[in-house]
Amino acid sequence: MLSINNLYKSFGGIQAINNVSLNIEKSTVTALIGPNGAGKTTLFNIINGSIKPDSGSIKLENIDITSYEPHQLFNLGILRTFQIAHEFASLTVRDNLMMVPPNQIGESIINTWFRQNKIKQEEQKILEKTNDVLDFLQLKHIANEYAGNLSGGQKKLLELGRTMMVRPKIVLLDEVGAGVNRTLLNTIGDAILRLNKELNYTFFMIEHDIDFISRLCDPVIVMAEGSILMTDEISKIRKNEEVIEVYLGKN
């Protein structure tokens, strides 16, 4: 699904990404772990087009997307959530979802004059999709609540729901568990697993909660000082002395 080859990125002489190469296979849930400053978020920012690498390449299903902008990558099916949720606080949960599908007919002023029936038909389809997403994520009871009033975990669920309003090829999850209580974290985990198993979603996620990773992810990629330290299943990574030293810490 995603192939990264010999990626480099430096900031003011600091090598944030140092010769990173990795592959994300289709229909997998892959974790990216590492200590703060390892380069994880920088790597995500490069993948979704927010910043450009100094060298190296990124391919999505053999399409070179290294120079693509975020909106182009969105249209190709690369979607991203953030550690701090980016909801539209003054819109309801339902409206946050309904505004996601791109190129809606009603966005054109001319269409609002001459294609009102088409607009109504499209809006009905989007509404039906929205209700399906709300049901899937168990958010229907707060559909009319302003998104800014949601808890941290509910906002993370809403961000996940926005990725479901289009058909993504890969979803980048940036610390989806950060600041979320255990009950909602289990709900988020259930949703990710269902999307992966039932709808073949591909996830690439930055996460620090090892128990959460153990439940969801295979394989797991470890980064340290801008480089890939190792890639393996979580049970082996938890026992690796080098990982324990740079990430989990010595007892």
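Please refer to the structure placed before this passage.
Along each chain, numbering runs from 1 in the same order as the chain's sequence is written. This being a predicted model, a pLDDT of at least 70 is required before a residue's local features are given, and a value of 80 or more before pairs of side-chain atoms are given or counted; all residues contribute to the totals for chains, interfaces and linings. Note that water and hydrogens are dropped before the side-chain values are worked out from all heavy atoms of the structure.

## Notes on helix H6 (residues 152-164)
Let me state the cut-off plainly: Helix and strand definitions here come from DSSP, where helices need a minimum of 4 consecutive H or I residues and strands a minimum of 2 consecutive E residues; each element is numbered from the N-terminal end. Each residue after the first adds 1.5 Å to the expected span of a helix. Exposure classes here rest on a 1.4 Å probe applied to the protein chains alone. A residue is buried below 20% of its type maximum, exposed above 50%, and partly exposed in between.
Counted at 1.5 Å a residue, the expected span for H6 with its 13 residues is 18 Å, and the 19 Å between its end C-alpha atoms agrees. Across the 13 residues of H6, twelve count as buried, placing the element largely inside the fold.

## Examining the pairing of strand S1 (residues 2-11)
Test applied: When DSSP finds two or more bridges between a pair of strands, those strands are recorded as paired.
Alignment of S1 against strand S2 (residues 14-24), held across eight bridges, turns out to be antiparallel. Residue pairing in the sheet places serine 3 in a bridge with asparagine 23 of S2. With antiparallel pairing between neighbouring strands as the criterion, S1 and S2 make up a hairpin whose turn holds two residues, including glycine 12 at a positive phi of roughly 55 degrees. Looking at chain direction, S1 and strand S4 (residues 55-60) are connected through five bridges and run antiparallel. For leucine 2, the partnering residue across the bridge sits in S4 and is leucine 60.

## Topic: the sheet that holds strand S10 (residues 227-232)
As a reminder, the rule being used: Helix axes use the C-alpha atoms of the stretch in contact, all axes being lines fitted to C-alpha atoms, and the angles between their N-to-C directions lie in the range 0 to 180 degrees. Contact criterion: two residues are considered in contact whenever any of their non-hydrogen atoms come within 4.5 Å of each other.
As summarised here, the arrangement of the six strands in space is S6-S7-S8-S3-S9-S10, forming an open sheet in which the pairing is mixed. For this open sheet the edge positions go to strand S6 (78-80) and S10, each flanked by a neighbour on one side alone. For this sheet, the mean inter-axis angle between neighbouring strands, taken without regard to orientation, is 20 degrees. Relative to strand S8 (residues 203-206), helix H1 (residues 40-47) is tilted by about 145 degrees, and along the sheet it contacts strand S3 (29-33), S6, strand S7 (170-174), S8 and strand S9 (220-224). Docked against the sheet, helix H7 (residues 182-199) engages S3, S7 and S8, running at close to 155 degrees with respect to S8.

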